[in-house]
Amino acid sequence: MPYVPLLISTVLVLRRTIIGDLGPLDAVEIGCGFTVFVAVILRQLVTLVDNTKLVLLLRESERTLTHQAHHDPLTGLANRALFERRLDEAMAGHHGEGTPFGLLFVDLDDFKAVNDVSGHAHGDAMLERVAQRLRQCVRDTDVVARLGGDEFGVLVEGLEEPEKVAFRILDALGEEISASVGVVICADHDPEATAASVLSRADKAMYEAKRDGGRGLVIHS
């Protein structure tokens, strides 16, 4: 650390300048003082660079932790907590400004059999494929989340778009993956509707689709 030599050099320079009892500075002393001064400047630059790197690492860590707190680790989709928060925001906009939205509840059919027969690794791979296909069926403004297990939620803005998204999802999953979809469209204002009640209605619509044989959808408006 060059700060102690700098302090000593500064004291000597001031003493010679003010008191003058040690005579004028020679070339060696001037060179040493200049070297110490340059060392201090370089040390400060190194400290500044290190601090900048540390700040960038901390910001990246904060972004990573925030993402992990709000996203599913397997699929990368929004988790239930983030989905419910966005659903609350959509409900607030619906009550305040009359903005319509749709909620889709997607549940894979007989997914337990996939894990039991083919193993959990195969089941995880299927969940990742489902997540990728769900993303391809929505717009950037829509929200896709893994609500837990083999259950997925999709939050869609607009009046007619939820039905189109539901059909696109069934087409995207194809014959390979069977799923039941419950759809709730919030268009007309209902002052008693809440995010929890809409999610419950979508869940019930999904189970109606399962009772009808699966690989289909039921729409409530």
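Residues numbered from 1 in each chain as written. Predicted model: local features only at pLDDT ≥ 70, side-chain atom pairs only at ≥ 80, totals over all residues. Heavy atoms only, no water.

Undergrad: Can you walk me through the environment of Asp 212 in this structure?
TA: With respect to the element layout, Asp 212 can be found in the loop between helix H7 (195-211) and strand E5 (216-220). Considered as a pair, Asp 212 and Ser 180 are 32 residues apart in the sequence and their alpha carbons are 9.4 Å apart. (Helix = DSSP H or I, 4+ residues; strand = E, 2+ residues; numbered from the N terminus.)

Undergrad: How do you make sense of the pattern of salt bridges when you look at a structure like this?
TA: When charged atoms on two side chains of opposite charge get close, those side chains can pair. This structure, assessed with the given rule, holds ten salt bridges. Of the charged contacts, one joins Asp 72 and Arg 146 as a salt bridge, the two residues approaching to 3.3 Å between their closest N and O atoms. Of this pair, Asp 72 sits in the loop between helix H2 (27-70) and helix H3 (80-97) while Arg 146 sits in strand E2 (residues 143-148), and the two are 74 residues apart along the sequence. Across the pair, exposure class does not vary: Asp 72 and Arg 146 are buried alike. A salt bridge links Arg 133 to Glu 176, with the shortest nitrogen-to-oxygen separation between them at 2.9 Å. In this pair, Arg 133 is assigned in helix H5 (residues 120-136) and Glu 176 in the loop between helix H6 (161-173) and strand E4 (179-186), connecting sequence segments 43 residues apart. Since its relative accessible area comes to 19%, Arg 133 is described here as buried. For Glu 176, a relative accessible area of 47% puts it in the partly exposed group. The structure contains a network of salt bridges with shared partners spanning Asp 107, Asp 109 and Lys 210. (Salt bridge = Lys/Arg side-chain N within 4 Å of Asp/Glu carboxyl O. Buried < 20%, exposed > 50% of the residue type's maximum accessible area, 1.4 Å probe, protein only.)

Undergrad: I tried to follow the environment of Val 106 on my own but got confused; where do I start?
TA: Following the sequence through the fold, Val 106 ends up in strand E1 (residues 101-108). Considered as a pair, Val 106 and Ser 180 are 74 residues apart in the sequence and their alpha carbons are 5.9 Å apart.

Undergrad: I would appreciate a short explanation of the pairing of E1 in the present structure.
TA: Every regular strand shows the same layout, with side chains that alternate between the two sheet faces. Of all eight residues in E1, eight are buried; the element is thus mostly enclosed. By the alternation rule, side chains of E1 split into Phe 101, Leu 103, Phe 105 and Asp 107 and Gly 102, Leu 104, Val 106 and Leu 108, which are all buried. Two strands pair when backbone bridges link them, and E1 and E4 are joined in this way by eight bridges, in the antiparallel orientation. Directly across from Leu 104, in E4, lies its bridge partner Val 183. (Pairing = 2+ DSSP bridges.)

Undergrad: Honestly, H3 in this entry has me stumped. Any pointers?
TA: The α-helix advances 3.6 residues per turn, and as a result positions three or four apart in sequence lie on the same side. The end-to-end C-alpha distance of H3 is 25 Å, a good match for the 26 Å that 18 residues give at a rise of 1.5 Å each. Residues Leu 82, Phe 83, Leu 87, Ala 90, Met 91 and His 94 constitute the buried set of H3. Looking at where H3 begins, the residue whose side-chain oxygen comes 3.3 Å from the main-chain nitrogen of Ala 81 is Asn 79. Taken from the residues just after H3, Gly 98 is the one with a positive phi, measuring 75°. (Expected span 1.5 Å × (residues − 1). Polar contact = N/O pair within 3.5 Å; in protein donor to acceptor, adjacent residues only side chain to side chain.)

Read these as geometric descriptors, not functional statements.
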